[in-house]
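Structure assessment
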Amino acid sequence: MKILEDLKLLNRIGGASNKIIYWNVGLFAIPYIVFGLLSLFNIQIDFLKYVSLSSNPIDLLWKPWSLFTYAFFHSGFFHILFNMLILNFSSRLFLNYFSQKQFLSLYFVGSLFAGIIYILSYFLFPSLAHLQVSLVGASGAIMAILFAAATYSPLTEIRLFLFGNVKLWHIALALIVIDLVQLPLENTGGHLAHLGGALFGYLYIKQLQNGNDLAGWFTKIVATFVNLFNPKKKTPFKKIHKNYVAPTPKTASKIVTKDKNQQQIDEILDKISQSGYDSLSQEDKAFLFKAGK
């Protein structure tokens, strides 16, 4: 029970990037465990077939959801490990400058754009025209987030263990070069999807600086969808006669209390980022659990 409470607490205090990582890890681990157990009874199910993005657009007729689901599934342990490490790194940079909603919108729309580039590449390039393959992985969306941060703040310095301090645009350039070098070797469509995600991240920031949010439409659709299932309850109008009372010092004290609570939350979150969740005391965990309600 304590483990479940701790997981619920982490979900409450975690930001959008943490939730995306949780979903990616869960959608990787759970199917492999379930279908791995089923294989012991000679039940073989290729579940990736139903969530991966096919290079053949006709397959979208029977699995249109794959334009989004492919970015939440991975083909192997090292595939998801590397992607989640880069996602954690990229999201921290992006969220220094932008909101949680913008992060979520960019992740989904960036993956959509990368997926479209992936499908189009099998029509535009003759060497790929005869192939029919499928794509899974969050790399396209991650590249969109990383390149958005690099476009907005290219001179941000990052300390790498082996190379010392490097600028963010150096890392972005190195990833582009890696994808370009590997284009003729293997997973050509996947590398083109990476480049598509990077391109969208660049365009997203440039348009945002001009006042246009390329991913804003996704935020509006999600908000509309949520409001359909969570309508606001209308309270009956009541006419109340109340004498005016001047504000008392008690009101000011509430504001101070709220600021102290927020300050305590920030201090605890700093502990988590520096030493991990296990470093928290029982009092800290209890305070966060109460604050998350």
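Criteria and cut-off values
Residues numbered from 1 in each chain as written. Predicted model: local features only at pLDDT ≥ 70, side-chain atom pairs only at ≥ 80, totals over all residues. Heavy atoms only, no water. Helix = DSSP H or I, 4+ residues; strand = E, 2+ residues; numbered from the N terminus. Buried < 20%, exposed > 50% of the residue type's maximum accessible area, 1.4 Å probe, protein only. Polar contact = N/O pair within 3.5 Å; in protein donor to acceptor, adjacent residues only side chain to side chain. Contact = heavy atoms within 4.5 Å. Salt bridge = Lys/Arg side-chain N within 4 Å of Asp/Glu carboxyl O. pLDDT = per-residue confidence, 0-100. Phe/Tyr/Trp six-rings, centres within 6.5 Å; stacked < 30°, edge-to-face > 60°. Core = buried A, V, L, I, M, F, W, Y, C linked by side-chain atoms within 4.5 Å. 1 Å grid on protein atoms, 1.4 Å probe; cavity = no way out; pocket = protein on both sides within 12 Å on 5 of 7 lines; lining within 4 Å. Points joined across faces, edges and corners; volume = space filled by probe spheres on them. Axes fitted to C-alpha atoms, helices over the stretch in contact; angles between N-to-C directions. Parallel < 35°, antiparallel > 145°, perpendicular 65-115°, else oblique. Left-handed = near helix turned anticlockwise from the far one by under 90°. Nonpolar A, V, L, I, M, F, W, Y, C, P; charged D, E, K, R; others polar.

**Here's the deal with the overall build of the chain**
A tally of helices and strands in the chain yields twelve helices and four strands. Taken over 293 residues, the chain has a buried fraction of 36%.

**Quick notes on the side chain of Ser-52**
Assignment of secondary structure puts Ser-52 in the loop between helix H3 (48-51) and strand E1 (53-54). Note on Ser-52: relative accessible area 5%, which makes it buried. Side-chain polar atoms of Ser-52 contact the backbone oxygen of Leu-48, separated by 2.8 Å. Beyond its immediate chain neighbours, meaning those up to four positions away, Ser-52 contacts Lys-63, Ser-66, Tyr-70, Ser-134, Leu-135 and Val-136.

**Here's the deal with unusual backbone geometry**
Backbone geometry follows two general trends: most residues other than glycine have a negative phi, and most peptide bonds adopt the trans configuration. One non-glycine residue, Asn-42, lies in positive phi territory at about 60°. Along the polypeptide, Asn-42 turns up in the loop between helix H2 (16-39) and H3. The backbone of Asn-187 sits at a positive phi, close to 50°, despite the residue not being glycine. A relative accessible area of 48% places Asn-187 in the partly exposed class.

**Quick look at the pattern of salt bridges**
Tallying each qualifying case throughout the model produces one salt bridge. As a salt-bridge pair, Lys-167 and Glu-157 come within 3.8 Å of each other at their nearest N and O atoms. Residue Lys-167 is located in strand E4 (residues 164-167), and its partner Glu-157 is located in strand E3 (residues 157-160); the two are separated by ten residues in the primary sequence.

**What to know about the confidence of the model for the chain**
Averaged over every residue, the pLDDT of the chain is 82; the share at 70 or more is 78%. Mean pLDDT per element in the chain: helix H1 (residues 2-13) is the minimum at 51, and helix H7 (residues 139-152) is the maximum at 96.

**Describing the packing of aromatic side chains**
Two measures describe an aromatic ring pair: the distance that separates the ring centres and the angle between the ring planes. The tally for this structure, following the rule as stated, stands at 21 aromatic pairs. Residues Phe-72 and Tyr-107 carry aromatic rings whose centres are separated by 5.5 Å and whose planes lie at 55° to one another, so their mutual orientation is tilted. Of this pair, Phe-72 sits in the loop between helix H4 (66-69) and helix H5 (77-94) while Tyr-107 sits in helix H6 (residues 100-124); the two residues are 35 residues apart in sequence, bridging distant segments of the chain. Each member of the pair, Phe-72 as well as Tyr-107, is classed as buried.

**Digging into the nonpolar core**
Membership of the largest hydrophobic core comes to 59 residues, with the highest contact counts inside it found for Leu-87, Phe-94, Leu-106 and Tyr-107. Not counting residues within four places of it along the chain, the set of residues in contact with Phe-94 comprises Ser-99, Gln-102, Phe-103, Leu-106, Ile-145, Ala-148, Ala-149 and Tyr-204.

**So, the layout of surface pockets**
There is about 470 Å³ of room inside the second largest pocket. Around the second largest pocket, the lining comprises 23 residues; the ones closest to its centre are Phe-82, Asn-83, Ser-139, Asp-179 and His-194. Within the residue set of the lining of the second largest pocket, elements represented by two or more residues are H5, strand E2 (134-135), H7, helix H8 (168-182) and helix H9 (188-209). Here the lining of the second largest pocket gets five residues from one element, more than from any other, and that element is H5.

**Considering the packing of H5 against H6**
Here H5 crosses H6 at 135°, and the two axes come no closer than 10 Å. By the angle class used here, H5 and H6 are oblique. The element H5 and its partner H6 pack so that their crossing is right-handed. Where H5 approaches H6, its residues Leu-87, Ser-91 and Phe-94 are matched on the opposing element by Gln-102, Phe-103, Leu-106 and Tyr-107. Here the contact of H5 with H6 is built from residues that sort into five nonpolar, two polar and no charged.

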